[in-house]
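# An overview of the molecular structure
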Amino acid sequence: MRRAIEWDGDAIVIVDQTLLPGTFATQRITNVDELIDAIQRLAVRGAPALGVAGALGVALVAGRDDASELAERLARARPTAVNLRWGVEQALKELPNGPQQVLARAQRLAKADEEINKRASFRAAEYVKAHTTRRKLRLHTHCNTGWLATAGWGTALGVVWHLANENAIEEVLVDETRPLLQGARLTAFELAEAGVPYCILPDSAAATALAEGRSDAVVVGADRIAANGDVANKIGTYPLALAAKHHGVPFLVVAPESTIDAKTLTGKDIAIEERDAAELGDLVPDGAKAFNPAFDVTPADLITAIVTEDRVWEPATRA
Ligand SMILES: CSC[C@H]1O[C@H](OP(=O)(O)O)[C@H](O)[C@@H]1O
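Residues numbered from 1 in each chain as written. Predicted model: local features only at pLDDT ≥ 70, side-chain atom pairs only at ≥ 80, totals over all residues. Heavy atoms only, no water.

The protein has the name S-methyl-5-thioribose-1-phosphate isomerase in an unreviewed UniProt entry, where Tenggerimyces flavus is given as its organism. In its Sequence similarities (unreviewed entry) section, UniProt records this for the protein: "Belongs to the eIF-2B alpha/beta/delta subunits family." (UniProt positions renumbered as here; feature names shortened; annotations may be inferred.)

In structure tokens, the structure reads:
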């Protein structure tokens, strides 16, 4: 199985990402409580993959009288990524037409996601080439935005796949992405499998890498993009954008159009998920107070381009 999430007969099957890179294992999910648990444990994660999880989760319960209530609980499982609620709502539209139509809608959404990611990342790869000078590039990534975070291919990491296919990648700089290490565990896993050269760095070394000219461009994903171009993404994205701006390095956000939330006017309106102190590591004293937001907001004026399957949006220069 090479998809983070898919439907199999009467269940959702996910790759349990909490076990990677050491163990590659799948989990069959047959009810909403199991799905919510998997989402909140980040066994299944990544904005586009959460959209598919939301839609397939509705398919699990479509025949029940309490389907709408269960769908609402699912939509609330993680608040920041707009895609989760969007996926639930897309599937709910088919509820009056019966469970088979709900499932068909969810599967169309999953299939479309991979194609959307390929188009968006191709557009972003072309943009990177047009705004850098070296023939073989060093791309800087944060968190995980590959096939593990989507229903296929990937968003920001999809840029790496396109450029690697053109032999245009020298190296990928992989921020470890504390505290859950989606970079060191998942992005490194994907790059190693694909045979793409990479270098892992602590998030705290990212600004120095940019200062030393080690990165030709930064490419990241998004969990919610506000109407003004402010972007919520994995914690650590904002300081990376500040350093990229200071050192004149292009900073690209690659995401499907469904991640743009016109109803959220600015980044200040985006709910940021707070997570437990326990995630900060075993050395943290019991009962320690912690500030552990799962996401931060990068203001639009720090973003060179937001690239989707349909367009290039340069929020720092034009609406
Ligand atoms: C392809 S966008 C993935 C996006 O989701 C990640 O968050 P999480 O690992 O908590 O689901 C991160 O923000 C990525 O940029």
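Next comes the rest of the account.
## Thoughts on the overall build of the protein
Check the secondary structure of the protein and you find nine helices and 14 strands. Over its C-alpha trace the protein gives a radius of gyration of 19 Å, about what one expects of a compact globule, namely 20 Å for 319 residues. The principal-axis extents of the C-alpha atoms in the protein amount to approximately 60 × 50 × 40 Å. Counting only contacts in the protein whose residues sit at least 6 apart along the sequence, the fraction spanning at least 24 positions is 73%. Accessible area for the protein stands at about 13,300 Å²; split by element, carbon and sulfur atoms hold 51% of it. Each charge class in the protein was averaged separately, 34 positive and 43 negative side chains, and the resulting centres sit 4 Å apart. (Helix = DSSP H or I, 4+ residues; strand = E, 2+ residues; numbered from the N terminus. Rg over C-alpha atoms; globule rule 2.2 N^0.38 Å. Contact = heavy atoms within 4.5 Å. Areas by Shrake-Rupley, 256 points an atom, 1.4 Å probe, with all protein chains shown as cover. Lys, Arg positive; Asp, Glu negative; His and termini not counted. Charge placed at Lys NZ, Arg CZ, Asp CG, Glu CD.)

## Describing the site of the ligand
Around the ligand, the structure places 18 residues, and the nearest of them are Arg-45, Arg-78, Asp-223, Asn-233 and Lys-234. Between the ligand and Gly-46, the relevant distance is 2.9 Å, taken from an oxygen atom to a main-chain nitrogen or oxygen of the residue. For the ligand, an oxygen atom lies 2.7 Å from a polar atom in the side chain of Lys-234. Coverage of the ligand by the protein chains reaches 99% of its 400 Å² of free accessible surface. Within the residue set of the shell around the ligand, elements represented by two or more residues are helix 2 (47–61) and strand 9 (231–234). Residues lining the shell around the ligand come from more than one domain, with at least three contributed by each of domain 1 (5–112) and domain 2 (117–317). (Near = heavy atom within 4 Å. Polar contact = N/O pair within 3.5 Å; in protein donor to acceptor, adjacent residues only side chain to side chain. Domains from an automatic or database assignment.)

## Things to note about the nonpolar core
By size, the foremost hydrophobic cluster in this structure holds 40 residues, and its most contacted members are Ile-5, Ile-12, Ile-14, Ile-39 and Leu-56. When residues of this core are traced back to their parent elements, those giving at least two are strand 1 (5–8), strand 2 (11–15), helix 1 (32–40), helix 2, helix 3 (67–75), helix 4 (82–92) and helix 5 (99–130). Among the elements that line this core, the one with the most residues is helix 2, at eleven residues. If you look at the next biggest cluster of nonpolar residues, it comprises 26 residues, including Tyr-127, Leu-139, Leu-191 and Val-254. (Core = buried A, V, L, I, M, F, W, Y, C linked by side-chain atoms within 4.5 Å. Buried < 20%, exposed > 50% of the residue type's maximum accessible area, 1.4 Å probe, protein only.)

## Quick notes on the pattern of salt bridges
In this structure the tally under the stated criterion is 25 salt bridges. For the salt bridge of Arg-28 with Asp-8, the shortest nitrogen-to-oxygen distance reads 2.5 Å. Here Arg-28 is found in strand 3 (residues 26–29), whereas its partner Asp-8 is found in strand 1, with 20 residues between them in sequence. Across the pair Arg-108 and Glu-94 runs a salt bridge whose closest N-O atoms are separated by 4.0 Å. Of the two residues, Arg-108 sits in helix 5 while Glu-94 sits in the loop between helix 4 and helix 5, which places them 14 residues apart along the sequence. For Arg-108, a relative accessible area of 47% puts it in the partly exposed group. Looking at Glu-94, the relative accessible area reads 12%, which means it is buried. Several salt bridges share partner residues, and in doing so they unite Arg-78, Glu-273, Arg-275 and Glu-279 into one network. (Salt bridge = Lys/Arg side-chain N within 4 Å of Asp/Glu carboxyl O.)

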